[in-house]
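# Breakdown of the fold
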Amino acid sequence: MEVFAMLMRTDPFRELDRLTQQFLSNTGTWSRPTLMPLDAYRAGDEYVICFDLPGVDPQAIDIDVERNMLTVKAERRPRHNGEDVKWELSERPLGVFSRQVMLSDTLDPEGISADYDAGVLTLKIPVAERAKPRKIAISHSGDRKQIQG
């Protein structure tokens, strides 16, 4: 549950929309993209978010941060198109995938790094310096003053 202290959901009905889209359609469009599954966890002084994007060309992935809103969009197209191709079965979702995550003020969006390997997009977001634990020095004045009344 600690992850949700750093990541905030923006829409409580988003999960319901994801499930509805999953059962009714397997193709996302630019106006109605399909949600991509993600995992999020803290590892030391950074948060890690992993998005499942199997079969997506890395050039078709777009990552934007505006203020504290992280947006990831990707597009997966059919690999074999042509006049002599006749599809027998198509179960893998195609089209546009998108996910938005609201980052809390305790994360540093300037330091985000991204890596794509084996169909998983991994974003690492450092914890902001102001959010890291630190020791506070206590000063002590040796002069005691007497209160007179």
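As a reminder, the structure under discussion sits directly above these lines.
What counts, and at which threshold
- Residues numbered from 1 in each chain as written.
- Predicted model: local features only at pLDDT ≥ 70, side-chain atom pairs only at ≥ 80, totals over all residues.
- Heavy atoms only, no water.
- Pairing = 2+ DSSP bridges.
- Helix = DSSP H or I, 4+ residues; strand = E, 2+ residues; numbered from the N terminus.
- Axes fitted to C-alpha atoms, helices over the stretch in contact; angles between N-to-C directions.
- Buried < 20%, exposed > 50% of the residue type's maximum accessible area, 1.4 Å probe, protein only.
- Lys, Arg positive; Asp, Glu negative; His and termini not counted.
- Salt bridge = Lys/Arg side-chain N within 4 Å of Asp/Glu carboxyl O.
- Contact = heavy atoms within 4.5 Å.

## Regarding the sheet that holds strand β9 (residues 113–117)
- With respect to topology, four strands assemble into an open sheet ordered β4-β5-β10-β9, the strand pairing being antiparallel. Of all the strands in the sheet, the pair left with one neighbour each is β4 (38–43) and β9. Taken over all neighbouring pairs, the strand axes of this sheet differ in orientation by 20° on average, direction set aside.
- As paired elements, strand β5 (residues 46–52) and strand β10 (residues 120–126) share seven bridges and run antiparallel to each other. By the bridge assignment for β10, F51 is matched with L121.

## Quick word on the pairing of β5
- In terms of burial, β5 is largely enclosed, as five of its seven residues are buried.
- Pairing geometry for β4 and β5, over six bridges, is antiparallel. Bridge assignment links R42 to a residue of β5, and that residue is Y47.
- Between β4 and β5, which pair antiparallel and follow one another directly, the connecting turn spans two residues, one of which, G44, has a positive phi of 65°.

## Let's talk about the environment of G44
- With respect to the helices and strands, G44 occurs in the loop between β4 and β5.
- Distance in space between the C-alpha atoms of G44 and V127 is 8.9 Å, their sequence separation being 83 residues.

## Here we look at the side chain of R76
- Take R76: it is sitting in strand β7 (residues 69–76).
- Despite its burial, R76 pairs with no opposite charge, the nearest such side chain being D52 at 9.5 Å.
- Discounting residues that sit within four places of it in the chain, R76 has contacts with L53, P54, G55, V56, R92, P93, L94, G95 and F97.

## A word on unusual backbone geometry
- Here the phi dihedral of R67 falls at roughly 55°; this positive angle occurs in a residue that is not glycine.
- The residue R67 is located in the loop between β6 (61–66) and β7 in this model.
- Positive phi, normally seen in glycine, also occurs at A118, with a value near 55°.
- Locating A118 in the fold gives a position in the loop between β9 and β10.

Without other data, these values stay purely geometric and don't point to any function.
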